[in-house]
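Inside the fold
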Amino acid sequence: MTRQIFSCVGGRSPFIESVCDATAWASNRLAVPSTLLNVIEKERTQSPKTNKEDALREKMDTLDKQRIELMHEHAQQIMKEAMTRLEDHSVADANSRIREGNLIDILEGLDDEMRMMVIGKRGDTSLNGHLGSRLEQVIRVVRHPVLVVQQTFTQPRRIMLAFDGSVSTVKGVRMVAESPLLNGIECDVVMIGGDTDEHREQMEWARNTLEDGHVPVRTHLTKANNTTEALKQHALDNDVDMMVMGAYGHSRLRHWLVGSTTTEMLLNSPCAMLVLR
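So, here's what we can say about the structure. (Residues numbered from 1 in each chain as written. Predicted model: local features only at pLDDT ≥ 70, side-chain atom pairs only at ≥ 80, totals over all residues. Heavy atoms only, no water.)

1. Side note on the packing of helix H5 (residues 167-178) against helix H6 (residues 197-212)
Where H5 contacts H6, the two axes come as close as 8 Å, and the packing angle between them is 20°. Overall, the two elements H5 and H6 adopt an arrangement that is roughly parallel. When you trace H5 past H6, the crossing you get is right-handed. Touching Val-170, Val-173, Arg-174, Val-176 and Ala-177 of H5 are Trp-205, Ala-206, Thr-209 and Leu-210, all from H6. (Axes fitted to C-alpha atoms, helices over the stretch in contact; angles between N-to-C directions. Helix = DSSP H or I, 4+ residues; strand = E, 2+ residues; numbered from the N terminus. Parallel < 35°, antiparallel > 145°, perpendicular 65-115°, else oblique. Left-handed = near helix turned anticlockwise from the far one by under 90°. Contact = heavy atoms within 4.5 Å.)

2. Remarks on the environment of His-214
Summarising the element assignment, His-214 is placed in the loop between H6 and strand S8 (217-222). A relative accessible area of 60% places His-214 in the exposed class. Each C-alpha atom, one on His-214 and one on Gly-184, is 5.8 Å from the other, the two residues being 30 residues apart in sequence. Excluding anything up to four places from it in sequence, His-214 contacts Asn-183 and Gly-184. (Buried < 20%, exposed > 50% of the residue type's maximum accessible area, 1.4 Å probe, protein only.)

3. Quick notes on the environment of Ala-94
Looking at where Ala-94 falls in the secondary structure, it is placed in strand S3 (residues 94-100). In this structure, the C-alpha to C-alpha distance between Ala-94 and Gln-4, residues 90 residues apart in sequence, is 9.7 Å.

4. Brief notes about unusual backbone geometry
The general pattern is negative phi for most residues beyond glycine and trans for most peptide bonds. Located in the positive-phi region is Ser-90, a residue other than glycine, with phi close to 60°. Tracing the sequence through the fold places Ser-90 in the loop between helix H2 (54-88) and S3. By relative accessible area, Ser-90 is classed as exposed at 57%.

5. A few points about the packing of helix H1 (residues 16-30) against H2
In contact at an axis separation of 9 Å, H1 and H2 are set at 40° when each is read in the N-to-C sense. Judged by the inter-axis angle, H1 sits oblique to H2. Classified by chirality, the crossing of H2 by H1 is right-handed. Along its contact with H1, which presents Ile-16, Glu-17, Cys-20, Asp-21, Thr-23 and Ala-24, the element H2 presents Ile-78, Ala-82, Arg-85 and Leu-86. Counted by class, the contact of H1 with H2 contains six nonpolar, one polar and three charged residues. (Nonpolar A, V, L, I, M, F, W, Y, C, P; charged D, E, K, R; others polar.)

6. Some details on the sheet that holds strand S1 (residues 4-8)
With respect to topology, 10 strands assemble into an open sheet ordered S3-S2-S1-S4-S5-S10-S9-S6-S7-S8, the strand pairing being mixed. Each of the sheet's edge strands pairs with one partner strand only, and the pair in question is S3 and S8. Geometrically, the sheet is characterised by an average inter-axis angle of 20° between neighbouring strands, direction not taken into account. In the sheet, strand S4 (residues 114-120) pairs with strand S5 (residues 146-149) via four bridges, with the strands oriented parallel. Paired with Met-117 across the two strands is Val-146, which belongs to S5. Contacts from H1 reach S1, strand S2 (34-40), S4, S5 and strand S9 (242-246), with the element oriented near 155° to S4. (Pairing = 2+ DSSP bridges.)

What follows is the structure, encoded as structure tokens:
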């Protein structure tokens, strides 16, 4: 079975176009199929419980069915427009699926088919300044790279890889070096820490590994009190189009990626984020 890219599109989210653009970019770079996924999560109206209100219960059930039918119609329209956008980007093998159920459950069931996932930073019901309600759940559940996009997607000319020498970030360096997704794209490897022999040795290893994988590299060893702010500022100062992180790191990056600081960085990131697993 050929693994593919799954991309979440649905509702009235302003991120649908950028999700499609990122999907097309990734699909063409990896030369793998892509599938647009629209999940309809049913919220059944609570029916009256007394026998005297059978007629009202029946009406409410009818309304539930009509609402689901309308949601399917809306999903089909979204899929039609999204598929057209993929075609405009010359995606050779694009498909769509509309499913009813819980998003997290459905994603877990797609694990064997998935190579990568694309999702918008916020959903259709999220307010500005807030993340999509399912985003952190998705990142924790999906066992493959997750590309989180802003409202517009720019094909990356420069990426930033946060690195601390831990097992997970070492794995991240190897993944970037070996994957055609980022091959040839300029990469800034950024370590937040003191200028020590150990850190310089770790950065040299990262440089050599990436250059062996035909990834142009610049290394930056930065001392800062606030890891989140330092990474964000580097991205802004150096025209970074995509940040690349391991899902669970150690030391300073571990604190950045676990708990409330995860939400903070995802919320404030100035560009797309590729979370590696």
